[in-house]
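# Breakdown of the fold
Now for the letters of each chain:
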Amino acid sequence: MRARPHGQAVAGSLNADLSRSLLALLRSTLSQPGHHQRYLCRVTRLSLLALQGKLDCGDLSDDPRFQHPGWQRPLQSRLVQLWQAWQQPLQGWLNALDISEPERANLRWLLDQLSAASSPSNSLLNPQIIAATRQSRGANLRRGARNLLIDQLTGRPLAMPEADTQYRAGHELALSAGEVVLRQPSFELIHYTPATEQQYSKPLLIIPPPINRYYLLDLTPTNSLVQHALQQGIAVYLISWRNPNPSHCNWGLSHYVRACRAALTQVLALSASTQASLLGVCSGGILASLLAGWLQARSRADCLNALSLLITPLDARLQTDLQRLAGNATQQRLRRQVWRQGYLDERSLGSLFTWMKPEQLLWQPAVQRYALGEDLPSSPMHTWSHDNTRLPAQLVEDLLDLLIRDPLGQPGALQLDGERIDLNQVSLPSWHLAAERDHIVPWRNALPAGRLGGDCQFTLCRGGHVQGLLCPPGQARAGYQSAPVDAHDTADSWASRATLTEGSWWSAWTDWLTRRSGTLENAIHPVADPALGPAPGHYVHQL
């Protein structure tokens, strides 16, 4: 079993900011007593309606927590209505509080946690739990108690699946053939074997985020963006980041952008091409953008022909859950802790994303494992999502700076290796993807309007942060909106022009990219080097 750090960095850092926000709420009871009384009166009135089963509830038909037909019974139905009664007037009450915006944001996050925790689906009145208890004569509760004890003793809350058990990179996952063609201290560069006899002359370099492993983009043979690009005749190279240790604490944005430059240089040399395109995903998209900006500042951007950014937060000005978790006290304590150990540990990083969507990532698994007594499902996606990596202390500092100071939107506010970055000077054609229900990078944060020069095409797909990415052709209920973006666009003005297309965005992206990838030539196959080894490489297995 893999030993993991305790992961207290993020959780402990939140306490001071939340305490200040709760004190502000307490002061508001003295300064705005009428406002609180009106909220309590309305909640009381709505609760009385709920007890009678007459409350007009919101639609829960898409909520997986309430799909069991037993929720239509009088007791369970009233329980759901009571749960909704205190939440219906909540946003109006919160928005009218006389407190600062950071305090309001912290309270909103805290109330989201309370809403998720107090859901009737987490109680023993959940009809699914009642049915399981009757059917098994209580065996489910005994199994759940045993699971809870084992998980507490082993320090593995919810017994999250390990990356090296049923699904393993190079065996069941990350199966695209290729060779490692460059290994440096911070990354390996993989050149994938062509899937066609001819490939376009201008290759693609994929820059995944330094968070988690790269193989989300090559998850399984039927769900691989890498394979899809190869099948369209695109020459694909990909960076696999090393999992840093304390000696790498000084790896920050500058280091990672230099690593991307080294990978790009190798790609151009191996492909015998003067140009390549970049694909960046999430924080990898930040690295790709900064690399393009640095090359533009050095008058060397002619080595790039196109830029693709998937779920990349170009605009940090809008309120997101990540910013709610980054108050001053949280930042200071987090900085102290990550520099003390040299990195943000993988458990803390996983906890951060769990608490951003607790109803799905915390409470539903808890009900399944501890109340229903069932093992959590094992799948490629579950394995990847819990195969967390560490983040070097300097990179944590730099990412916090991006969230708080928003230097990407201020020409020259960010300096890398002696060059001031101005993304508006980047004239590359670019293709952008965001997801409608993304809770990590809300789609408005990914809109490139006024943030990036050149011709920009923006696509908004159905799904969330991860589900939106995994959308191969033939995916059920897939669809996207798409339209060009100009510098003066807002989210609303873009949406008014966007056209809706049913189906996967993968084909739309590769159609856009192949038109900018040169001519078809005989494919170049990767050369095997025994010292480097085949894909998926060595770094993807590092603990």
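Let us look at the structure shown here. (Residues numbered from 1 in each chain as written. Predicted model: local features only at pLDDT ≥ 70, side-chain atom pairs only at ≥ 80, totals over all residues. Heavy atoms only, no water.)

What follows is about helix α10 (residues 283-297). The end-to-end C-alpha distance of α10 is 21 Å, a good match for the 21 Å that 15 residues give at a rise of 1.5 Å each. S299 sits one or two residues past α10 and shows a positive phi near 60°. (Helix = DSSP H or I, 4+ residues; strand = E, 2+ residues; numbered from the N terminus. Expected span 1.5 Å × (residues − 1).)

What follows covers the pattern of salt bridges. Evaluation of the coordinates by the stated rule reveals 17 salt bridges. The shortest N-O distance in the salt bridge between D151 and R369 comes to 2.7 Å. Remark: R369 occurs in helix α14 (residues 358-371) and D151 occurs in helix α7 (residues 139-154); sequence separation between them is 218 residues. For D151, a relative accessible area of 3% corresponds to the buried category. For R369, a relative accessible area of 8% gives the class buried. Note that E188 is salt-bridged to R183, the shortest N-O span being 2.7 Å. Residue classification places E188 among the buried positions, given a relative accessible area of 0%. We classify R183 as partly exposed; its relative accessible area is 30%. Salt bridges linked by common partners bring D151, R369 and D375 together as one network. (Salt bridge = Lys/Arg side-chain N within 4 Å of Asp/Glu carboxyl O. Buried < 20%, exposed > 50% of the residue type's maximum accessible area, 1.4 Å probe, protein only.)

This paragraph deals with the environment of D98. Note that D98 resides in the loop between α4 (90-95) and α5 (101-117). Spatially, the C-alpha atoms of D98 and S31 are 8.3 Å apart, while their sequence positions differ by 67 residues.

What follows deals with the packing of helix α2 (residues 33-51) against helix α3 (residues 74-85). Think of two packed helices as two axes; the pair is described by the angle between the axes and how far apart they sit. At a minimum axis distance of 8 Å, the contact between α2 and α3 shows a crossing angle of 170°. Our classification of the angle between α2 and α3 gives roughly antiparallel. When α2 is examined against α3, the residues V43, L46, S47, L49, A50 and L51 are found in contact with a partner set consisting of R78, Q81, L82 and A85. Of the residues that constitute the contact of α2 with α3, the class distribution is 7 nonpolar, 2 polar and 1 charged. (Axes fitted to C-alpha atoms, helices over the stretch in contact; angles between N-to-C directions. Parallel < 35°, antiparallel > 145°, perpendicular 65-115°, else oblique. Contact = heavy atoms within 4.5 Å. Nonpolar A, V, L, I, M, F, W, Y, C, P; charged D, E, K, R; others polar.)

This next bit is on the side chain of S121. Relative to the assigned elements, S121 resides in the loop between α5 and α6 (127-136). You can call S121 buried: its relative accessible area is 4%. Polar side-chain contacts of S121 include one of 2.7 Å to the side chain of S119. Excluding its chain neighbours within four sequence positions, the residues that come into contact with S121 are R65, F66, W71, N126, I129 and V367. (Polar contact = N/O pair within 3.5 Å; in protein donor to acceptor, adjacent residues only side chain to side chain.)

Attention now moves to the environment of A145. With respect to the element layout, A145 can be found in helix α7. By relative accessible area, which is 47% here, A145 ends up partly exposed. With 350 residues separating them along the chain, A145 and A495 place their C-alpha atoms 50 Å apart.

Moving on, we get to helix α16 (residues 393-405). The end-to-end C-alpha distance of α16 is 18 Å, a good match for the 18 Å that 13 residues give at a rise of 1.5 Å each. Of all the residues in α16, the buried ones are A393, L395, V396, D398, L400 and L402. Where α16 is buried, its residues touch α9 (253-271), α10, α12 (328-341), β8 (343-344), β9 (391-392) and β10 (414-416).

Right, let's talk about the pairing of strand β13 (residues 456-461) for a bit. Of all 6 residues making up β13, 5 are buried, and the element is well covered by its neighbours. As paired elements, strand β12 (residues 430-435) and β13 share 6 bridges and run parallel to each other. What sits directly across from L433, in β13, is T459. The pairing of β13 with strand β14 (residues 479-485) spans 6 bridges and is classified as antiparallel. Within the sheet, the bridge partner assigned to C461 lies in β14 and is Y480. (Pairing = 2+ DSSP bridges.)

The contact between helix α13 (residues 346-356) and α14 brings their axes to 6 Å, and the two run at 100°. By the angle between their directions, the pair α13 and α14 is classed as roughly perpendicular. Facing F353, T354, W355 and M356 of α13, the residues of α14 in contact are P358, L361 and L362. In terms of residue class, the contact of α13 with α14 is built from 6 nonpolar, 1 polar and no charged.

With that settled, the discussion passes to the packing of aromatic side chains. Evaluated as defined, the whole model comprises 11 aromatic pairs. Seen from their ring centres, F66 and W83 are 5.6 Å apart, and the 40° between their planes marks the pair as tilted. In this pair, F66 sits in the loop between α2 and α3 while W83 sits in helix α3, placing the two residues 17 residues apart along the sequence. Residue F66 is classed as buried on the basis of its relative accessible area, which comes to 8%. Taken together through their ring pairs, the aromatic side chains of F187, W241, W251 and Y256 make up a single cluster. For R261, the ring lying beneath its charged end belongs to W294, and the centroid distance is 3.8 Å. Here the guanidinium or amino end of R390 rests over the ring plane of Y343, the centre of that ring lying 5.4 Å away. (Phe/Tyr/Trp six-rings, centres within 6.5 Å; stacked < 30°, edge-to-face > 60°. Lys NZ or Arg CZ within 6 Å of the ring centre and 35° of its normal.)

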